[in-house]
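The primary structure of each chain is shown beneath.
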Amino acid sequence: MKYRTIGTDPAHRREVSVLALGAMYFGSLTDEKTSFAVLDRYVEAGGNFIDTSDNYAFWVDGGQGGQSEELLGRWRRSRGIGDEVVIATKVGARPLAPGTSYTDNAEGLSAKTIREAAERSRERLGVAKLDLLYAHIDDHTVPQHETVGGFAELVAEGTVGLLGVSNQAMWRVERARALAAAAGLPGYEVLQYQHSHLRPRYDVPSDLFPDGSLGHAGPELLGYLRAEPALTLVAYSPLLAGAYVRDDKPLPPDYDHPGTPARLAVLRDVARETGATVGQVVLAWQIGGELPVVPLAGASSVAQLEENLAAVDLELTAEQRARLDAAH
């Protein structure tokens, strides 16, 4: 396994594995026995960066989520896992009532909600401190200074270490970080956005993003990373839920544009040259790239995890990287 540092404050920064494990469906679509087996193998391989959220996976049963955090708590207790494993979770997008969603009834990011949601996450996970806590989605109903202050209070109290943000416009991220800096408070240092080798259209509206996607790592976010090297991008869904290789999982509609075939062709060429799978090439491209990117990949079986782990040691040549970067 290889590692990189997230965060800058010596009191909170952590060395995390360059491949993060997504636990979204642990305890719901992925049963406990399988989830435990995947977690055990990940840690055995040197992995120490696990991702969840307080709302995973509410859409499976129409509830409010929490199954993933609860399973991770049971796994930690049964294995005697301590703070050697970094568990990141998120608040802000848990539905307030069963049968609702984050698009119409989200818990939000008031200072009161952040505190209460973080406390519930700590209880489910069985930890005294949340290593990394994200603002899962934006909340325009609350002044940003309140959200910034709410997160900072938990860091000051020692119940949260690092702060992160997901699915927000870059101008909102920068404004929040500027407010924190001006007040001498800790700000967001980890950005979690969807990022893969294929590039989606960013102008496709959705219920959460009526003006087009703010959840993908587009040019503004990547440029922001270049300008702020202390930040880290955690790239969720790097393998597009299997769509690169599975006929039963077509690419999402926002990847249906003229640039996709060229990038797919280069991926397949490099996979043939290296003897790796397309997914391994995607992960290796992210892990060894110029920008600080940690791919976050889920696994519903140990076999899937093993394939992903092998990408950590896949070394792409400079020429291969140049071709992967330039394809359009």
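These numbers come from a predicted model, not from an experiment.

Caption draft 1: Spotlight on the packing of aromatic side chains. This structure, assessed with the given rule, holds five aromatic pairs. Summarising the aromatic geometry, the rings of Tyr-56 and Trp-59 are spaced 6.0 Å apart at their centres and angled 80° between planes, so their arrangement reads as edge-to-face. Following the ring pairs from residue to residue traces out a cluster consisting of Tyr-25, Tyr-56, Phe-58, Trp-59 and Tyr-102.

Caption draft 2: Just the pairing of strand 9 (residues 232-236), in detail. When you tally the buried positions in strand 9, you get four out of five residues, the bulk of the element. Sheet topology places strand 8 (residues 190-194) next to strand 9; five bridges connect them, and they run parallel. From the neighbouring strand, Tyr-193 faces strand 9, where its bridge partner is Ala-235. Across four bridges, strand 9 lies against strand 10 (residues 293-298) in parallel orientation. For Leu-233, the partnering residue across the bridge sits in strand 10 and is Val-293.

Caption draft 3: Structural view of the sheet that holds strand 9. Spatial ordering of the closed barrel is given by 3-4-5-6-7-8-9-10, a layout of eight strands whose pairing is parallel. The average undirected angle you get between the axes of adjacent strands in this sheet is 30°. Sitting on the sheet, helix 1 (residues 32-44) is in contact with strand 3 (20-22) and strand 4 (49-51), with an inclination near 175° to strand 3.

Caption draft 4: Up close: the environment of Arg-122. With respect to the secondary-structure elements, Arg-122 resides in helix 4 (residues 111-125). The class of Arg-122 is buried, set by a relative accessible area of 16%. With 26 residues separating them along the chain, Arg-122 and Val-148 place their C-alpha atoms 20 Å apart. At 3.0 Å, the side chain of Arg-122 forms a polar contact with the backbone oxygen of Ala-128.

Caption draft 5: Quick peek at the nonpolar core. Counting residues in each nonpolar core, the largest one holds 91 residues, and the members touching the most others are Phe-49, Ile-50, Phe-151 and Leu-191. Residues in contact with Leu-191, not counting those within four places in the same chain, are Val-165, Val-173, Leu-221, Tyr-224, Leu-225, Leu-231, Thr-232, Leu-233 and Val-234.

Caption draft 6: Main features of a nonpolar patch on the surface. Among the surface-exposed residues, Tyr-25, Leu-29, Trp-59 and Val-60 lie close enough to one another that they form a single nonpolar patch of about 360 Å² accessible area. Along the chain, the position of Tyr-25 falls in the loop between strand 3 and helix 1.

Caption draft 7: Examining the packing of helix 5 (residues 144-157) against helix 6 (residues 170-182) more closely. Between helix 5 and helix 6, whose axes approach to 9 Å, the crossing angle comes to 60°. As for how helix 5 packs across helix 6, the hand of that crossing is right-handed. Along the contact surface, helix 5 presents Gln-144, His-145 and Val-148, while helix 6 presents Arg-172, Arg-175, Ala-176, Leu-179 and Ala-180. A per-class count over the contact of helix 5 with helix 6 returns four nonpolar, two polar and two charged.

Caption draft 8: Molecular detail of the side chain of Arg-321. As for its position among the elements, Arg-321 is in helix 11 (residues 318-326). Among buried Asp, Glu, Lys and Arg side chains, Arg-321 stands out as unpaired, with Asp-325 the closest opposite charge at 5.8 Å. Within the structure, the side chain of Arg-321 is placed 2.9 Å from the backbone oxygen of Trp-285, a separation counted as a polar contact. Arg-321 has contacts with Ala-284, Trp-285, Gly-288, Gly-289 and Leu-316, leaving out every residue within four places of it along the chain.

Caption draft 9: View of the pattern of salt bridges. In this structure the tally under the stated criterion is 21 salt bridges. Salt-bridge contacts for Glu-107 lead to Arg-120; the nearest nitrogen and oxygen are separated by 3.9 Å. Remark: Arg-120 occurs in helix 4 and Glu-107 occurs in the loop between strand 5 (86-91) and helix 4; sequence separation between them is 13 residues. The class for Glu-107 is buried, based on a relative accessible area of 10%. Among the residues examined, Arg-120 registers a relative accessible area of 33% and is labelled partly exposed. Here the salt bridges do not stand alone but share partners, grouping Arg-41, Glu-44 and Glu-306 into one network.

Definitions and limits used
- Residues numbered from 1 in each chain as written.
- Predicted model: local features only at pLDDT ≥ 70, side-chain atom pairs only at ≥ 80, totals over all residues.
- Heavy atoms only, no water.
- Phe/Tyr/Trp six-rings, centres within 6.5 Å; stacked < 30°, edge-to-face > 60°.
- Buried < 20%, exposed > 50% of the residue type's maximum accessible area, 1.4 Å probe, protein only.
- Helix = DSSP H or I, 4+ residues; strand = E, 2+ residues; numbered from the N terminus.
- Pairing = 2+ DSSP bridges.
- Axes fitted to C-alpha atoms, helices over the stretch in contact; angles between N-to-C directions.
- Contact = heavy atoms within 4.5 Å.
- Polar contact = N/O pair within 3.5 Å; in protein donor to acceptor, adjacent residues only side chain to side chain.
- Core = buried A, V, L, I, M, F, W, Y, C linked by side-chain atoms within 4.5 Å.
- Patch = residues over 30% accessible without salt bridge, like charges linked within 9 Å, V, L, I, M, F, W, Y side chains within 5 Å.
- Areas by Shrake-Rupley, 256 points an atom, 1.4 Å probe, with all protein chains shown as cover.
- Salt bridge = Lys/Arg side-chain N within 4 Å of Asp/Glu carboxyl O.
- Left-handed = near helix turned anticlockwise from the far one by under 90°.
- Nonpolar A, V, L, I, M, F, W, Y, C, P; charged D, E, K, R; others polar.
- Lys, Arg positive; Asp, Glu negative; His and termini not counted.

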